[in-house]
Amino acid sequence: MASTKRAANRAAMTAEIGRLGREHLSTHGAAQLSLRAIAREMGIASSAVYRYVPSRDDLLTLLLVEAYNDLAASVEKALGGGADPRADIGRGALAMRSWAVVDPARWALLYGSPVPGYAAPAGQTVGPGTRAVRAFLQTLDAAQRGGLLRADLPTPDDPLVPELVAVAADFEPGLGDAVDCVGQPMTQGGAVLKVLQCQLVRSGLFYLVLSPDYDDAHHDHFHLEARPWSQRPQVTDARQAIH
């Protein structure tokens with residue numbers, strides 16, 4: 001019983017911190033978010049807030065995940081899984097725009113300029129961050145499976161097409177998942193690239209790793225964004241870093 005009450009108190013405190021975080025985000029911007037300011041507004045010591053949200057970066061992550069999921073929920077509700085995918089996608093796009101117009105501060109947090117000094121943890125944000133797009137793609141997939149897409153569109157005439165087809169043979173979508181490296185490569189080359197992708201992600205050296213199956217622009221290379229050395233606790237030790 002006591003543990004249930006503690007869990008409820010924790011949930012309530014975290015929700016209140018998140019609510020004030022959204023207000024401060026709208027008023028002051030993401031770069032100026034401060035847990036101390038939130039603690040003052042709540043009338044409690046800053047150390048009490050840190051028990052629920054340990055740092056400004058954790059607050060940003062909380063707000064990011066919440067905003068991504070709120071946006072996705074609006075899109076998913078608008079898409080609706082109706083019989084007319086064209087109308088569904090139109091409603092989904094309008095829902096996304098309406099969300100952005102109503103809450104420009106949170107839209108800017110998701111798709112605006114990066115917050116100085118903050119690196120979103122891929123393991124917590126990639127899933128929510130791709131949820132809205134995934135909903136659109138699922139609608140298109142359902143339309144394709146139902147034979148509702150036009151079959152008379154011209155075949156792309158682009159020098160990249162053969163290379164993209166080759167990449168498609170080596171990768172299954174989702175191979176670059178940052179959490180558990182799901183996906184099954186279909187060739188020996190794809191298996192080698194999967195091992196490389198997983199090791200890069202799990203090394204802790206990078207906060208962003210995009211593999212060739214990410215999108216057309218990355219079809220022939222890996223994209224790596226390195227963490228500052230001070231943010232690599234799992235690989236930092238007393239030895240001098242080699243750069």
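Residues numbered from 1 in each chain as written. Predicted model: local features only at pLDDT ≥ 70, side-chain atom pairs only at ≥ 80, totals over all residues. Heavy atoms only, no water.

A.B. asks: Is there a simple way to explain the nonpolar core in this structure?
C.D. replies: Generally speaking, a soluble globular protein has its nonpolar side chains buried in company with each other. In this structure, I17, L35, L59, L60, V75, L109 and L110 are the most contacted members of the largest nonpolar core, which totals 30 residues. Element by element, the count of residues in this core is highest for helix 4 (residues 56–79), at 10 residues. When near neighbours in sequence (up to four residues on either side) are disregarded, V75 contacts G92, A95, M96, A132, A135 and F136. (Core = buried A, V, L, I, M, F, W, Y, C linked by side-chain atoms within 4.5 Å. Buried < 20%, exposed > 50% of the residue type's maximum accessible area, 1.4 Å probe, protein only. Helix = DSSP H or I, 4+ residues; strand = E, 2+ residues; numbered from the N terminus. Contact = heavy atoms within 4.5 Å.)

A.B. asks: Just checking my understanding: could you explain the packing of aromatic side chains for this structure?
C.D. replies: Each aromatic ring pair is summarised here by two numbers: the centre-to-centre distance and the angle between the ring planes. Considering all chains together, one arrives at 3 aromatic pairs under this definition. Taken together, a centroid distance of 4.6 Å and an interplanar angle of 55 degrees make the contact between W107 and Y111 tilted. Here Y111 and W107 lie together in helix 6 (residues 104–111), a separation of 4 residues that amounts to about one turn. For W107, a relative accessible area of 27% translates into the label partly exposed. Among the aromatic residues, those joined into a cluster by ring pairs are Y68, W99, W107 and Y111. (Phe/Tyr/Trp six-rings, centres within 6.5 Å; stacked < 30°, edge-to-face > 60°.)

A.B. asks: What exactly am I supposed to notice about the pattern of salt bridges here?
C.D. replies: A side chain with one charge may pair with a side chain of the opposite charge, provided their charged atoms come close. The full count for this structure, using the stated rule, is 9 salt bridges. Between D57 and R56 there is a salt bridge, with the nearest N and O atoms lying 3.1 Å from each other. Residue R56 is classed as partly exposed on the basis of its relative accessible area of 23%. One salt-bridge network, in which partners are shared between bridges, spans R22, E66, D70, D103 and R106. (Salt bridge = Lys/Arg side-chain N within 4 Å of Asp/Glu carboxyl O.)

Purely geometric numbers; function is a separate question.
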